[in-house]
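This is what each chain is made of:
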Amino acid sequence: MLNKGLRDQESIRIDNLLKKLMSLVCVPKFWNLEDLLLLENDLKDLGINIESLTEFSKEELIVHLQRLNFDWNQLELFADFLVAFSNESQFDFSPKAIAIYNYVQAESKTFSFGIFNKIAVARATNE
């Protein structure tokens, strides 16, 4: 277990990394090798890459993110990244994003209309 100071530093590091990932996928573009390499480099800081994202089961991905001490907001933001990346690339991580949203909804014991709506949007784009 991390002490409070280390937990805060780790949380800030994860927040900054998630912001960077979101900035990469929020700009509509045609994904080429160079773009994927930039994304891979940032994902590496989370101990994953695009290949491992495709290979992880939904449960394995959630466990992996828990090991990295992601809080509820960070899990939600990572799921947002997965949905945005799925919309902009040839990869479809929407089912994994939905699993993360459902996990946050269930385990945080707080119902969020925002997450409920994100699940609906992710399901609609997945169909």
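Analysis parameters
Residues numbered from 1 in each chain as written. Predicted model: local features only at pLDDT ≥ 70, side-chain atom pairs only at ≥ 80, totals over all residues. Heavy atoms only, no water. Core = buried A, V, L, I, M, F, W, Y, C linked by side-chain atoms within 4.5 Å. Buried < 20%, exposed > 50% of the residue type's maximum accessible area, 1.4 Å probe, protein only. Helix = DSSP H or I, 4+ residues; strand = E, 2+ residues; numbered from the N terminus. Contact = heavy atoms within 4.5 Å. Phe/Tyr/Trp six-rings, centres within 6.5 Å; stacked < 30°, edge-to-face > 60°. Patch = residues over 30% accessible without salt bridge, like charges linked within 9 Å, V, L, I, M, F, W, Y side chains within 5 Å. Areas by Shrake-Rupley, 256 points an atom, 1.4 Å probe, with all protein chains shown as cover. Salt bridge = Lys/Arg side-chain N within 4 Å of Asp/Glu carboxyl O. pLDDT = per-residue confidence, 0-100.

## Structural notes on the nonpolar core
Judged by nonpolar contacts, the single largest core of 38 residues is most densely connected at Leu43, Leu46, Phe70, Phe78, Phe81, Leu82 and Ile100. Secondary-structure elements contributing two or more residues to this core are helix 1 (4-26), helix 2 (33-44), helix 3 (50-55), helix 4 (58-67), helix 5 (72-88), helix 6 (94-107) and helix 7 (113-126). For this core, the element with the most residues is helix 5, which contributes 8 residues. If sequence neighbours within four positions are ignored, Leu43 has contacts with Leu21, Ile48, Asn49, Ile50, Leu53, Phe78 and Phe81.

## A few points about the packing of aromatic side chains
Each pair of aromatic rings is reported with the distance of its centres and the angle of its planes. A full pass over the atoms with the stated rule returns 9 aromatic pairs. Ring geometry for Phe78 against Phe81: centres 5.7 Å apart, planes inclined by 45 degrees, an arrangement best described as tilted. A residue pair is termed a helical-turn pair when its members lie 3 or 4 positions apart in one helix, as Phe78 and Phe81 do in helix 5 at 3 residues. The two residues Phe78 and Phe81 agree in class, both being buried. Judged by centre distance (5.7 Å) and plane angle (20 degrees), the ring pair of Phe85 and Phe91 falls under stacked.

## Considering a nonpolar patch on the surface
Taken together, Phe111, Phe113 and Phe116 make up a surface patch of nonpolar side chains, about 380 Å² in accessible area. Mapping Phe116 onto the fold places it in helix 7.

## Considering the environment of Trp72
Turning to its location among the elements, Trp72 is positioned in helix 5. For Trp72, a relative accessible area of 37% corresponds to the partly exposed category. Distance from Trp72 to Gln105, taken between C-alpha atoms, is 9.0 Å for residues 33 residues apart in sequence.

## Points about the confidence of the model for the protein
When pLDDT is averaged along the protein, the result is 86, and 89% of the positions lie at 70 or above. Averaged pLDDT values over the elements of the protein bottom out at 81 in helix 1 and peak at 96 in helix 4.

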